[in-house]
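Secondary and tertiary structure notes
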Amino acid sequence: MKRIKTKDYVEMSKRACRKVIEAIERSDQPVLGLATGSTPEGLYDCLIEAYKKGHVHFGNVTTFNLDEYIGLSPDDENSYHYYMNEKFFKHVGLPTSQTNVPKGNTGDNKRACEDYEALIRDAGYVDLQILGIGENGHIAFNEPGTPFESRTQVVDLTESTKNANARFFDSIEDVPTKAITMGLKSIMESKEIVLLASGVKKADAMAKLIHGDVSEAFPASILRNHPNVTIIADEDALSKVRD
Ligand code: F6R
C-alpha cells in the first residue's frame, strides 16, 4: 500500500480530489466508487469547487456508493442517498441515471444485493474506489468477522458503528439496525482504491491496518492483498504508525 501523509484534513481532501480528477481524465467512461460519512466531505467540496471552475466534468462518470441503511427511502434525510445528493451529486450535475446507491427499501433485499453486483459488473467494475475506515476497522459496513469472500449483502450494524453514526440522528434509537453494503470481495474488484483517514480517533485503526495481521477480525486489512491501494491520511491519523 502506498501512503501519503498530509498535514491536515484540508490537505488530505485536496490530495484525494486530485486523484479523483486524474481517474476521471484517464478514462472515457470513468466509474467511481464513493463513500459517505464525515471523512470524504472535504473531498466532495473540493470536487464541487473544481467543477464550478471548469476543471472537471462529470458528464461521462458513473458512480457506485458503498452502502445504505435498510428501511430508509432515498429522500429520507438520514439515508446515504440523500447525503450524496445534498453533498455532491446535485452540485456537479450528476443525474440519477449515472449514480447508484444500494437500495435499502425495496422489500426484496436479496434481489437488491444481486442487482447491485450485476450493475457494477456491467459498468466494467469500479476504476477508483474511495473508502473511509471505521474505528473498529470496518470498510463500508463490513464489520469485524465479515468473510473476505463477501459480496453485496445485508448486515447487522454493531453497537460501535451505531454509536459512531448516532451523531447524525435525533437519538441512538433512530439509527437503523441493518444496512446493505458492498462486500469485501466486491470492493477488492475495484481497479484502484484510495483510503482516507483523518484525526486521532482513527490512529489505532491506521496502525492496525499498516502493521497488524491480515485477518477477518479487522476487515480493512484485506486491502493489503490489493495491488493498487493508496492511503491518504493526515498526521493525526498516522500518529501511531511507524515510518
Ligand atoms: C460510509 C462507509 C463507512 C465509513 C466509516 C468512517 O459509506 O462506508 O465505512 O467510511 O464508518 O466514517 P467517518 O468518515 O464518518 O469517520
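For the structure itself, look to the data block above.
Numbering of residues starts from 1 in each chain and follows the order in which that chain's sequence is written. Only residues with pLDDT of at least 70 get local features here, since the model is predicted, and only at 80 or more are side-chain atom pairs given and counted; chain-wide, interface and lining totals rely on the full set of residues. Side-chain measures were taken over the full set of non-hydrogen atoms in the model, leaving aside hydrogen atoms and water.

Being near a molecule or strand, for a residue, comes down to having at least one heavy atom within 4 Å of it. Not every one of the 14 residues close to the ligand is listed here, only the nearest: Thr-39, Asp-67, His-138, Ala-140 and Lys-202. Between Ser-38 and the ligand, the recorded distance is 2.8 Å, taken from a backbone N or O atom to an oxygen atom. Under the rule applied, a polar contact is a pair of N or O atoms within 3.5 Å (in protein, one hydrogen donor and one hydrogen acceptor; residues adjacent in sequence only if both atoms are side-chain atoms). A distance of 2.8 Å separates an oxygen atom of the ligand from a polar atom in the side chain of Asp-67. Each accessible area value is a Shrake-Rupley result obtained with a 1.4 Å probe; residue values ignore everything except the protein chains displayed when judging cover. Against a free-state accessible area of 410 Å², the protein chains account for coverage of 91% of the ligand. Amino acid classes used here: Ala, Val, Leu, Ile, Met, Phe, Trp, Tyr, Cys and Pro are nonpolar; Asp, Glu, Lys and Arg are charged; the rest, including Gly, are polar. Each residue belonging to the shell around the ligand can be placed in one class, and the counts come to five nonpolar, six polar and three charged.

Non-glycine residue Tyr-125 carries a positive phi angle of around 75°. Here Tyr-125 lies in the loop between helix 4 (109-122) and strand 6 (128-131). Here Tyr-125 falls in the partly exposed class, since its relative accessible area comes to 28%. Phi is positive for Ala-140, close to 50°, though the residue is something other than glycine. By secondary structure assignment, the location of Ala-140 is in the loop between strand 6 and strand 7 (153-156). Every helix listed is a DSSP run of H or I at least four residues long, and every strand listed is a run of E at least two residues long, numbered separately from the N terminus. For every residue, the accessible area (1.4 Å probe, protein chains only) is compared with the maximum for its type, and the residue is labelled buried under 20%, exposed over 50%, or partly exposed between those bounds.

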